[in-house]
Amino acid sequence: MSVFARVSDALILALGLGLAALPGAAQTAPPTRVVSMNLCTDQLALMLAAPGQLISVSYLAHDGAVAPLQAAARALPANHGLAEEVYLLQPDLVLAGRFSTVATVAMLQRLGVPVIRFEPENSLDDIEAALRQMGAALGRTAQAEALIEDFRADRARLAAHLAERRHGSEGPRAVLYSSRGWTGGSETLSGDILREAGLRNLADDLGLSWGGMVALESLLLADPDRLILGQPARNPEGWSEARALLHHPALRHSRAYRAGVAANDRDWVCGTPFVLQAIARLIDETTP
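Analysis parameters
- Residues numbered from 1 in each chain as written.
- Predicted model: local features only at pLDDT ≥ 70, side-chain atom pairs only at ≥ 80, totals over all residues.
- Heavy atoms only, no water.
- Helix = DSSP H or I, 4+ residues; strand = E, 2+ residues; numbered from the N terminus.
- Buried < 20%, exposed > 50% of the residue type's maximum accessible area, 1.4 Å probe, protein only.
- Contact = heavy atoms within 4.5 Å.
- Areas by Shrake-Rupley, 256 points an atom, 1.4 Å probe, with all protein chains shown as cover.
- Pairing = 2+ DSSP bridges.
- Axes fitted to C-alpha atoms, helices over the stretch in contact; angles between N-to-C directions.
- Polar contact = N/O pair within 3.5 Å; in protein donor to acceptor, adjacent residues only side chain to side chain.
- Right-handed = clockwise from strand over helix to strand, strands pointing away.
- Disulfide = S-S within 2.5 Å.
- pLDDT = per-residue confidence, 0-100.
- Salt bridge = Lys/Arg side-chain N within 4 Å of Asp/Glu carboxyl O.
- Patch = residues over 30% accessible without salt bridge, like charges linked within 9 Å, V, L, I, M, F, W, Y side chains within 5 Å.

Draft legend 1. Fine view of the overall build of the protein chain. Within the protein chain, the regular secondary structure consists of 14 helices and 11 strands. Counting over 288 residues, the protein chain shows a buried share of 49%. For the protein chain, contacts bridging at least 24 residues in sequence account for 65% of all contacts bridging at least 6. Carbon and sulfur atoms form 57% of the exposed surface of the protein chain, whose accessible area is close to 13600 Å².

Draft legend 2. Seen up close, the sheet that holds strand β10 (residues 226-229). Reading across from one edge, β8-β6-β10-β11 is the order of the 4 strands in this open sheet, with parallel pairing throughout. Each edge of the open sheet is held by one strand with a lone partner, namely β8 (200-201) and β11 (261-263). Where strand β6 (residues 173-177) and β10 come together, 4 bridges link them in parallel fashion. Looking at the pairing, Y177 lines up with L229 of β10. Across the sheet, helix α8 (residues 189-196) lies against β6, β8 and β10, angled at about 155° from β6, the strand it touches most.

Draft legend 3. Inspection of the sheet that holds strand β1 (residues 34-36) at higher detail. Across the sheet, which stays open at both edges, the 5 strands sit in the order β3-β2-β1-β4-β5 with parallel pairing between neighbours. At either end of the open sheet lies a strand with only one pairing partner, and these are β3 (78-79) and β5 (115-118). In the sheet, strand β2 (residues 54-58) pairs with β3 via 2 bridges, with the strands oriented parallel. Within β3, the position partnered with S58 by the bridge is N79. Of the strands in this sheet, β1, β2, β4 (93-97) and β5 are in contact with helix α2 (residues 39-48), which crosses β2 at around 150°. Contacting β4 and β5, helix α5 (residues 102-110) runs over the sheet at an angle of about 150° to β5.

Draft legend 4. Up close: α2. The element α2 is extensively covered by neighbouring structure, given that 10 of its 10 residues are classed as buried. Looking at where α2 begins, the residue whose side-chain oxygen comes 2.8 Å from the main-chain nitrogen of C40 is N38.

Draft legend 5. Layout of the pairing of β5. Of the strand pairs in this sheet, β4 and β5 are connected by 4 bridges, and their pairing is parallel. Residue pairing across strands places A96 opposite R117, the latter belonging to β5. Crossover connection from β4 via α5 to parallel β5: handedness right-handed.

Draft legend 6. Representation of the state of the cysteines. Under the definition given, this model contains 1 disulfide. For C40, the disulfide goes to C270, at an S-S distance of 2.0 Å. Given an S-S torsion of about -80°, the disulfide between C40 and C270 has left-handed geometry. You can see C40 sitting in helix α2 and its partner C270 sitting in the loop between α13 (266-269) and α14 (275-285), a full 230 residues away along the chain.

Draft legend 7. How the structure looks around the confidence of the model for the protein chain. Averaged over the protein chain, the pLDDT score is 87; the fraction of residues at 70 or greater is 86%. The model gives residues 4-26 a pLDDT under 50, and that stretch makes 39 contacts with residues more than four places away or in other chains.

Draft legend 8. Region of the structure containing the environment of G139. With respect to the secondary-structure elements, G139 resides in the loop between α6 (124-138) and α7 (141-166). Judged by relative accessible area, which is 4%, G139 ranks as buried. Along the backbone, G139 and P30 are 109 residues apart, and their C-alpha atoms lie at a distance of 4.9 Å.

Draft legend 9. Main features of the pattern of salt bridges. Taken as a whole, this structure holds 15 salt bridges when the rule is applied. The residue E170 makes a salt bridge to R200 at a minimum N-O spacing of 3.7 Å. Residue E170 is found in the loop between α7 and β6, and its partner R200 is found in strand β8; the two are separated by 30 residues along the sequence. The salt bridge involving D192 is made with R195; its shortest N-O contact spans 2.9 Å. Of the two residues, D192 and R195 both sit in helix α8, 3 residues apart, roughly one turn of that helix. With a relative accessible area of 47%, R195 lands in the partly exposed category. Taken together, the salt bridges that share partners define one network made up of D125, R155, D192, R195 and E196.

Draft legend 10. Quick peek at a nonpolar patch on the surface. Among the surface-exposed residues, Y87, L88, M107 and L111 lie close enough to one another that they form a single nonpolar patch of about 410 Å² accessible area. Within the secondary structure layout, M107 lies in helix α5.

Written out as structure tokens, the structure reads:
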């Protein structure tokens, strides 16, 4: 079964709040009132939580521009990562990212609320580790292993699809270009998405394996084959200064832009199995 089909089935179950939770693999009882304060832990928890186990997600999870599982998230109350609101939900477990609302995490820990923090995923391999960590945290180890198995199978199918489309030819040189000229190198999740799609990352040629800023002049001189722009602003009038480079006439008239622009969308944001959908689109969009 595809990982996406399995996730859909899990979401249907998760919305049936009257159903009993499946037992976890851990010897201690799984948590029953879980609050997530981070967009990426939201997505992982929505995939794996037992019915009724997840009681609140971050407000970002309600935003379809950045959250693949928006519909499921909107069935749950949103929180803004404030210590007072999270504590009043009486959670027996809080999920947070490494850099999520540090003050809130510290306050909750002083109040005796268990908090598990997740590291950012920098590769597709890290996604498996994140799924496994979330499964252990929720007492849903078997469900996490099933998702990992499907993720591996879908990843293998994508690799075969890429080999069939490219016929051994070298992929085009591509560049990720986001607000203020930020690009992601091979040591980042976005860079690994490019690699899995068979694209050569311009950032690595520029010595930016962990990402960094690229001046527009440097990008144009490097003359990449394909351009992948950051997410469009949800508020067209906002972020104008940060995103000015993405609208520069020189960029719009470049060879890479004329070849067709791919979009860095919500499937790129977090290290979840949804990145495979981004890879599949990239393969199709960058193969003649």
